[in-house]
Amino acid sequence: METVTPATTVWTRETGAAEKRDVWTAMKRGFRSRCPRCGEGKLFRAFLKVDDHCSVCGLDFTPHRADDLPAYLVILIVGHIVVPTALWIETNYAPAVWLQLSIYLSFTLIASLALLQPVKGAVVGLQWALRMHGFDENSPGEISPG
Ligand SMILES: [Zn+2]
């Protein structure tokens, strides 16, 4: 005789709830170039190349495409530092133009390069925390162009 065992899963409110993702924690981990989920694995395999997956927890990074947002944010941040500083220094001290240009241009270049990877990591962390996935051509729910 065949016996049927009843299902042992007890359904509660929390059973169907999705994994909780803290936005600030994910962005901080991304800013440190770490996996937004575990905070351990490396996020980048090159300067601005996001790895395919986390080497520690296996999180798939491929749906997270930051596109131009990190560059835009870096321009916004660095511009808001350099432009008011240059205007204030010009108004109050008016040093030689060659001196100002050599300082502002080199600071802009160095600060932009230094911020680009952390900001991109933070954007990927934000995307992961908010479950924002890039266009996936294999996803059945997407509308294909054309
Ligand atoms: Zn991970």
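For every chain, the first residue of the written sequence is number 1, and numbering continues from 1 along that sequence. Note on the predicted model: pLDDT of at least 70 is required for a residue's local features to be given, and 80 or more for side-chain atom pairs to be given and counted; whole-chain, interface and lining totals, by contrast, use all residues. Computation of side-chain values: all heavy atoms of the structure, hydrogens and water removed.

Pairing of aromatic side chains here covers Phe, Tyr and the six-membered ring of Trp, requires ring centres within 6.5 Å, and sorts the geometry by plane angle: under 30 degrees stacked, over 60 edge-to-face, intermediate tilted. Tallied over the full model, the rule gives one aromatic pair. When the centroid spacing of 5.6 Å and the interplanar angle of 70° are considered together, the rings of Trp88 and Tyr93 count as edge-to-face.

Here we come to the coordination of the zinc ion. Metal donors: N, O and S atoms at distances within 2.8 Å, or within 3.2 Å for Na, K and Ca, with water omitted from the atom set so that some sites may seem incomplete. The zinc ion binds to the protein through Cys35 (SG), Cys38 (SG), Cys54 (SG) and Cys57 (SG), with metal-donor distances spanning 2.2 to 2.3 Å. Tetrahedral means four donors with every angle between 85 and 135 degrees, whereas square planar (four donors) and octahedral (six donors) require angles over 155 degrees between opposite donors and between 65 and 115 for all others; sites fitting neither are termed irregular. Geometry at the zinc ion is tetrahedral, judged from the four donor atoms that bind it and their angles of 106 to 118° at the metal. Counting along the primary sequence, the residues that act as donors to the zinc ion give the motif C-x2-C-x15-C-x2-C. Here Cys38, found in the loop between α1 (23–31) and α2 (69–92), pairs with Cys54, found in the loop between α1 and α2; they are 16 residues apart in sequence, far enough to count as distant. Under the scheme used here, helices are H or I runs from DSSP no shorter than 4 residues and strands are E runs no shorter than 2 residues, and both carry numbers assigned from the N terminus.

In this section: the layout of surface pockets. The distinction between a cavity and a pocket rests on a 1 Å grid over the protein atoms alone: a 1.4 Å probe fits inside a cavity but cannot get out, while a pocket stays open yet meets protein on both sides within 12 Å along at least five of seven lines, and a residue with an atom within 4 Å of a point counts as lining. Grid points are joined across faces, edges and corners, and a volume is the space filled by probe spheres set on the points. The calculated volume of the largest pocket comes to roughly 200 Å³. Lining the largest pocket are 13 residues, and of these Lys49, Val50, Thr62, His64 and Arg65 lie nearest its centre. Grouping the constituent residues of the lining of the largest pocket by class yields four nonpolar, two polar and seven charged. In the scheme used here, Gly and all other residues not listed as nonpolar or charged are polar, with Ala, Val, Leu, Ile, Met, Phe, Trp, Tyr, Cys and Pro taken as nonpolar and Asp, Glu, Lys and Arg as charged.

Read these as geometric descriptors, not functional statements.
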